[in-house]
Amino acid sequence: MKKQFIAGNWKMNLTLNKARDLAKSICEGLADSNTVDVGIFPPFVYLKDICDILQSSNVFVGAQNMSMEKSGAFTGEISGEMLRDIGCTHVIIGHSERRTIFKETDHIINSKIKSALLNGLCPILCVGESQKERDTGKTDEVVDGQLSGSLENLTSEQVKGLTIAYEPVWAIGTGKTATPDQANEVHACIRNIIRKKYDNSTAQSVRIQYGGSVNSNNAKELLGQLEIDGALVGGASLDPDSFLDIVSGAVRHA
Ligand code: 13P
């Protein structure tokens, strides 16, 4: 049985007090439910406070990005070792906003994943096509290219510990969600790509989240799809009630 994994990507939002309140509300709302994995990804500057608040809870805390470098003269960067040191367990890598705005390539993303794993962090690797790529029938090809580049030289054991987030760029922050069928189809394609590159047990072990305008109205149906093992939620994760509703829509898959 695979547990669903619902993650909240807070992006560049909130103030410290609001971030602390949101973390507390999520923690209280979940009580000691452990049928679903839940993680939150606050901005860097709030991570230590939130790790402390959630220390004895079952909510994972992770960063939205990290450096591929170990340490040294990299002004403005944050290393995997630093994240681990303050209590983070997870890190989002290769989000489409990092790929497009900050020009992160699959090669950089691959280095970041390796560095995260070396530091004992569980990466959430994001992949997904643009509207133009979907319209021209290139979705599978784009996702295959992103996975090949991002997973280069990783062993099947390493890949088994990953979460992959399928986030179609056209659905992020637009209110335009992929239909459950559209999402399920790409998730099946991602699992097939992993099966071909590795083996069936790796493909079955890896969790694949859907991300892109997930909210409390559409989550249950998306999460009910066979190939969907969770959600990476942006906007709706900033409201505790919406986020908790999404968590309660998560079901277990065989
Ligand atoms: P929205 O849920 O706001 O569309 O954002 C999705 C996302 O980018 C999560 O990483």
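See above for the structure.
First, a word on what this report is: a plain description of the structure on this page. All values reported here derive from a predicted model rather than from experimental measurement.

**What about the packing of aromatic side chains?**
Then step 1. Evaluated as defined, the whole model comprises 2 aromatic pairs.
Then step 2. Both rings, one in Phe5 and one in Phe60, keep their centres 6.1 Å apart while their planes meet at 85 degrees; by these two values the pair is edge-to-face. Here Phe60 lies in strand β3 (residues 59–63) and Phe5 lies in strand β1 (residues 5–9), a separation of 55 residues in the sequence.
Then step 3. By relative accessible area, which is 0% here, Phe5 ends up buried.
Then step 4. On the basis of an interplanar angle of 55 degrees and a centroid distance of 6.2 Å, the ring pair of Tyr166 and Tyr210 is categorised as tilted. Placement of the pair is Tyr166 in strand β6 (residues 163–166) and Tyr210 in strand β7 (residues 207–211), with a sequence separation of 44 residues.
Then step 5. Accessibility expressed as a relative area gives 0% for Tyr166, which makes it buried.
Then step 6. Residue Tyr210 is classed as buried on the basis of its relative accessible area of 1%.

**Some words on the state of the cysteines**
Then step 1. Inspection of every chain in the model, using the stated rule, returns 0 disulfides.
Then step 2. Considering cysteine sulfurs only, Cys51 is the nearest to Cys27, which forms no disulfide, with 13 Å between them.
Then step 3. Of all cysteine sulfurs in the structure, the one in Cys122 sits closest to Cys126, which takes part in no disulfide; the separation is 14 Å.
Then step 4. The exposure class of Cys126 is buried, given its relative accessible area of 2%.

**A closer look at unusual backbone geometry**
Then step 1. The phi torsion at Leu14 lies on the positive side, around 80 degrees, for a residue other than glycine.
Then step 2. Within the element layout of this structure, Leu14 appears in the loop between β1 and α1 (16–30).
Then step 3. The exposure class assigned to Leu14 is partly exposed, which follows from its relative accessible area of 27%.
Then step 4. Backbone geometry at Ser213 places phi at a positive 55 degrees, although glycine is not the residue there.

**Here we look at the site of the ligand**
Then step 1. If you check the shell around the ligand, you find Asn9, Lys11, His95, Glu167, Ala171, Ile172, Gly173, Gly212, Ser213, Leu232, Gly234 and Gly235 and nothing else.
Then step 2. For the ligand, an oxygen atom lies 2.8 Å from a polar atom in the backbone of Gly235.
Then step 3. Contact with the protein chains covers 94% of the free accessible surface of the ligand, which is 310 Å².
Then step 4. Among the residues forming the shell around the ligand, the class breakdown is 3 nonpolar, 7 polar and 2 charged.

**With respect to the pairing of β7**
Then step 1. Of all 5 residues making up β7, 5 are buried, and the element is well covered by its neighbours.
Then step 2. Burial of the side chains of β7 extends over both faces: Arg207, Gln209 and Gly211 are buried on one face and Ile208 and Tyr210 on the other.
Then step 3. In this sheet, β7 lies alongside β6 in parallel orientation, the contact comprising 4 bridges. Note on β7: the bridge partner recorded for Tyr166 is Tyr210.
Then step 4. Here β7 runs beside strand β8 (residues 230–233); their pairing, made up of 2 bridges, is parallel. Considered in β8, the bridge of Gly211 is made with Leu232.

**A word on the packing of helix α7 (residues 139–150) against helix α9 (residues 180–197)**
Then step 1. Relative orientation of the contacting elements α7 and α9 amounts to 45 degrees, with a least axis distance of 10 Å. Judged on the interaxial angle alone, α9 and α7 are oblique. Considering only the axes of α7 and α9, their crossing is right-handed. Across the interface between the two elements, Thr139, Asp140, Val143, Asp144, Leu147 and Ser148 from α7 touch Val186, Cys189, Ile190, Ile193 and Lys197 from α9.
Then step 2. Residues of the contact of α7 with α9, tallied by class, amount to 6 nonpolar, 2 polar and 3 charged.

**A short note on the pattern of salt bridges**
Then step 1. One pass over the structure, following the stated rule, counts 14 salt bridges.
Then step 2. In this structure, Glu157 engages Lys160 in a salt bridge whose closest nitrogen and oxygen atoms are separated by 3.4 Å. Remark: Lys160 and Glu157 occur in helix α8 (residues 156–160); sequence separation between them is 3 residues, near one turn of the helix.
Then step 3. The partly exposed category is assigned to Lys160, whose relative accessible area is 26%.

Cut-offs used in this document
- Residues numbered from 1 in each chain as written.
- Predicted model: local features only at pLDDT ≥ 70, side-chain atom pairs only at ≥ 80, totals over all residues.
- Heavy atoms only, no water.
- Phe/Tyr/Trp six-rings, centres within 6.5 Å; stacked < 30°, edge-to-face > 60°.
- Helix = DSSP H or I, 4+ residues; strand = E, 2+ residues; numbered from the N terminus.
- Buried < 20%, exposed > 50% of the residue type's maximum accessible area, 1.4 Å probe, protein only.
- Disulfide = S-S within 2.5 Å.
- Near = heavy atom within 4 Å.
- Polar contact = N/O pair within 3.5 Å; in protein donor to acceptor, adjacent residues only side chain to side chain.
- Areas by Shrake-Rupley, 256 points an atom, 1.4 Å probe, with all protein chains shown as cover.
- Nonpolar A, V, L, I, M, F, W, Y, C, P; charged D, E, K, R; others polar.
- Pairing = 2+ DSSP bridges.
- Axes fitted to C-alpha atoms, helices over the stretch in contact; angles between N-to-C directions.
- Parallel < 35°, antiparallel > 145°, perpendicular 65-115°, else oblique.
- Left-handed = near helix turned anticlockwise from the far one by under 90°.
- Contact = heavy atoms within 4.5 Å.
- Salt bridge = Lys/Arg side-chain N within 4 Å of Asp/Glu carboxyl O.

Shape descriptors only; they carry no functional weight alone.
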